[in-house]
Amino acid sequence: MKTVIQNPVILLHGLDDTPRVLDKMARYLGDRGWPVHVPALTPSNGAVGLEVLAQQVADFVEARLGPSQRFDLVGFSMGGIVGRYYGQRLGGLERMQRFITISSPHRGTWLGYGRWNVGATQMRVGSDFLADLNRDWAALERVQFSSFWTPWDLMIVPAASSVLPVGRSRSFAVGLHPWMLTDDRVLAAVAQALAATDRVPGDRQQGVA
C-alpha cells in the first residue's frame, strides 16, 4: 500500500468571504491529519485585481511554508481563480502537488456584470483575464488537478463554467453555491482527492454525486 504524504493544505475563500466560511472544511481536514492554512484574501470584495490577491498567496506560502515545502491548494469560487493565477503566473505550480477548485468561474460568470470593480470584471464571461489564463490551462496537468461543481449553481452562470478540460471533474447535487463548502459529500471528495497518489491527466469523472 502506498503511503500518502499529507501535505500542508491551503484553503482560499471566495468573493466577499472571509476565512470563516472555510471553518467546517478546515476542521474536517484537520481532524483527518492535514495541516490546514486559511489565509485571508484582502480586500475580498473585488476592489483589487485577482493578481494582487494571488501575490498575497505567494507571500503567505513563502512566509509560512518556507522555500521548499510542497503543499496542496483548494480554492472556492474566486479563490480557485486566484489559485490559478498564483499557479500559472507566479510559479505556484512548481510547489503544488494537488490543486482542487470548487465552483470557480474558470470560463467566467454572467453575475460578474453585477458590479464594476476590477475583481468582478476579471471574472466575467469573456474577460481578458480569464482568456489569458485559459490559453494555457494545460499547464494544470503538471499537478493533480480536480474541479468540483454543482449544476444548480446560481452564482456561477453558466454552472458548467466551473469545469476545465483537464484533470478530474466531479459534479454534486448541491442546491446553493456556498453549500459546496459544507456538504458532506463534497468534504469527503476533497479529502479523497487530497489523499490521491495517482496522476491521471484527462481522467474525467462524470455523473452527479
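Preceding this section is the structure that the text describes.
Keep in mind that this is a model prediction, so the values were computed, not measured.

Cut-offs used in this document
- Residues numbered from 1 in each chain as written.
- Predicted model: local features only at pLDDT ≥ 70, side-chain atom pairs only at ≥ 80, totals over all residues.
- Heavy atoms only, no water.
- Pairing = 2+ DSSP bridges.
- Helix = DSSP H or I, 4+ residues; strand = E, 2+ residues; numbered from the N terminus.
- Contact = heavy atoms within 4.5 Å.
- Axes fitted to C-alpha atoms, helices over the stretch in contact; angles between N-to-C directions.
- Expected span 1.5 Å × (residues − 1).
- Buried < 20%, exposed > 50% of the residue type's maximum accessible area, 1.4 Å probe, protein only.
- Arc of directions from axis to C-beta.

1. Let's talk about the sheet that holds strand 5 (residues 144-149)
Right, so step 1: Strand order in the open sheet formed by six strands is 2-1-3-4-5-6, and the pairing between neighbours is parallel. Looking at which strands have only one partner, the edges of the open sheet turn out to be strand 2 (36-37) and strand 6 (168-171).
Right, so step 2: For strand 1 (residues 9-12) and strand 3 (residues 71-76), the ladder comprises four bridges, and the chain directions are parallel. Within the sheet, the bridge partner assigned to Leu12 lies in strand 3 and is Gly75.
Right, so step 3: Running over the sheet, helix 2 (residues 50-65) touches strand 1, strand 2 and strand 3 and is turned about 150° from strand 1.

2. Structural notes on helix 2
The α-helix advances 3.6 residues per turn, and as a result positions three or four apart in sequence lie on the same side.
Right, so step 1: Over its 16 residues, helix 2 extends 22 Å from the first C-alpha to the last, a length consistent with the 22 Å expected when each residue adds 1.5 Å.
Right, so step 2: Of all the positions in helix 2, only Leu50, Leu53, Ala54, Val57, Ala58, Phe60, Val61 and Leu65 are classed as buried. Along the axis of helix 2, the buried positions cluster into a sector of 160°, meaning they face one direction only.
Right, so step 3: Against the buried residues of helix 2 lie strand 1, strand 2, strand 3, helix 3 (78-89), helix 4 (118-122) and helix 5 (128-134).
Right, so step 4: One or two positions beyond helix 2, positive phi appears at Gly66, with a value near 80°.

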